[in-house]
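# Architecture at a glance
Letter by letter, the chains look like this.
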Amino acid sequence: MLNIVLFGPPGAGKGTQSERLIEKFNLVHLSTGDIFRYNIKGETELGVLAKSYIDKGQLVPDEVTIKMLRSEVLKNESAKGFIFDGFPRTNAQAEALDAFLAVLNTSITLMAALEVEENELKERLKKRAEVSGRSDDADPEIIANRIQVYKNETAPVKEFYQTQNKFVSIDGVGSIDDITNRLFEAITKF
Ligand code: AP5
Ligand code: MG
């Protein structure tokens, strides 16, 4: 299996690039943010809980997120591999991910981290707010909080994969096509 963690701060292009990678490599795309938003729309119990965190730009608790992702992975046992978009966001999530991939006799192949500086992220998200309808895009303060939470709680997850020699840094600025090519090259070479 080819299992990729597509990592990066809010607005780095994880969703955009995932769409391209799943086609190229025939993978299942698991975006925790998308799954939460689907549940929010359906007003499920999980959605109501997740909304209370997402609307503030905070992380949904590990326990809830891990349980949800585990069930999505196990639903797709016969997949050729996965792209994890927006997961793991804490070291506890990274450890849990290793554990449930082991159940499928597989593991993470690599983490590709899209690097984009803060002002560019804010510009992208401000622009997307005009069309996305995402509550967490609507307010610059919430956007700033999401970026801060990324720095404090999520960026350290890079080290988890660096110590396993599974970490690749990708310049996330430029045209969408150029970034896709950088990712293809990095994944193919790995
Ligand atoms: P999530 O949905 O994962 O949001 P995010 O990480 O904040 O990132 P985005 O989806 O906003 O950005 P992206 O990197 O996908 O970029 P995109 O391709 O859209 O999470 C939302 C919330 O859910 C979290 O805050 C948290 O509360 C909760 N959550 C999710 N996962 C969790 C977890 N594991 N644990 C706990 N809580 C969790 O691109 C952004 C914009 O830029 C688009 O408009 C796009 O068109 C544009 N763009 C893309 N590429 C380029 C480019 N090269 N140049 C110019 N513009 C570009
Ligand atoms: Mg996204």
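Structure first, text after, so check above.
Now for a quick tour of the structure. (Residues numbered from 1 in each chain as written. Chains lettered and ligands numbered in written order. Predicted model: local features only at pLDDT ≥ 70, side-chain atom pairs only at ≥ 80, totals over all residues. Heavy atoms only, no water.)

## Digging into the site of ligand 1
Going by this rule: When at least one non-hydrogen atom of a residue lies within 4 Å of a molecule or strand, that residue is treated as near it. Polar contacts, as counted here, are pairs of nitrogen or oxygen atoms within 3.5 Å of one another; within protein the pair requires one atom able to donate a hydrogen and one able to accept it, and residues that are adjacent in sequence qualify only if both atoms are side-chain atoms. For the area figures, the Shrake-Rupley method with a 1.4 Å probe applies, and any residue is considered shielded solely by the protein chains shown. For helices the rule is a DSSP run of H or I covering at least 4 residues; for strands it is a run of E covering at least 2, with both sets numbered from the N terminus onward.
Around ligand 1 sit 30 residues, and of these Thr16, Thr32, Gln58, Arg89 and Arg128 come closest. A distance of 3.2 Å is found between an oxygen atom of ligand 1 and a backbone nitrogen or oxygen belonging to Ala12. Gly13 places a main-chain nitrogen or oxygen 3.0 Å from an oxygen atom of ligand 1. Protein chains shield 87% of the accessible area of ligand 1, which is 1,000 Å² for the free molecule. Elements that contribute at least two residues to the shell around ligand 1 include exactly helix H1 (14-25), helix H2 (32-41), helix H6 (118-132) and helix H9 (176-189).

## Overview of the environment of Thr188
Among the secondary structure elements, Thr188 is positioned in helix H9. Expressed as a C-alpha distance, the spacing of Thr188 and Val116, which sit 72 residues apart in the sequence, is 22 Å. Engagement of the side chain of Thr188 in a polar contact is seen with the backbone oxygen of Phe184, the distance being 2.4 Å.

## Quick word on H2
For the α-helix, the turn length of 3.6 residues means that residues three or four positions removed from each other point alike. We count it as follows: Partly exposed residues are those whose accessible area sits between 20% and 50% of the maximum for their type, while under 20% is buried and over 50% is exposed, using a 1.4 Å probe and protein chains only. What the arc describes is the spread of directions from the helix axis to the C-beta atoms. Should any heavy atoms of two residues lie within 4.5 Å, those residues are counted as being in contact.
Those residues of H2 that sit buried are Thr32, Gly33, Ile35, Phe36 and Asn39. Buried residues of H2, viewed axially, fall in a sector of 165°; they line one side. Residues Tyr38 and Lys41 are exposed on H2 and point more than 90 degrees away from its buried face. Looking at the buried residues of H2, the elements they touch are strand E2 (28-31), helix H3 (45-54), helix H4 (62-75) and strand E3 (81-85). The positive-phi residue at the C-terminal boundary of H2 is Glu43, with phi of around 50°.

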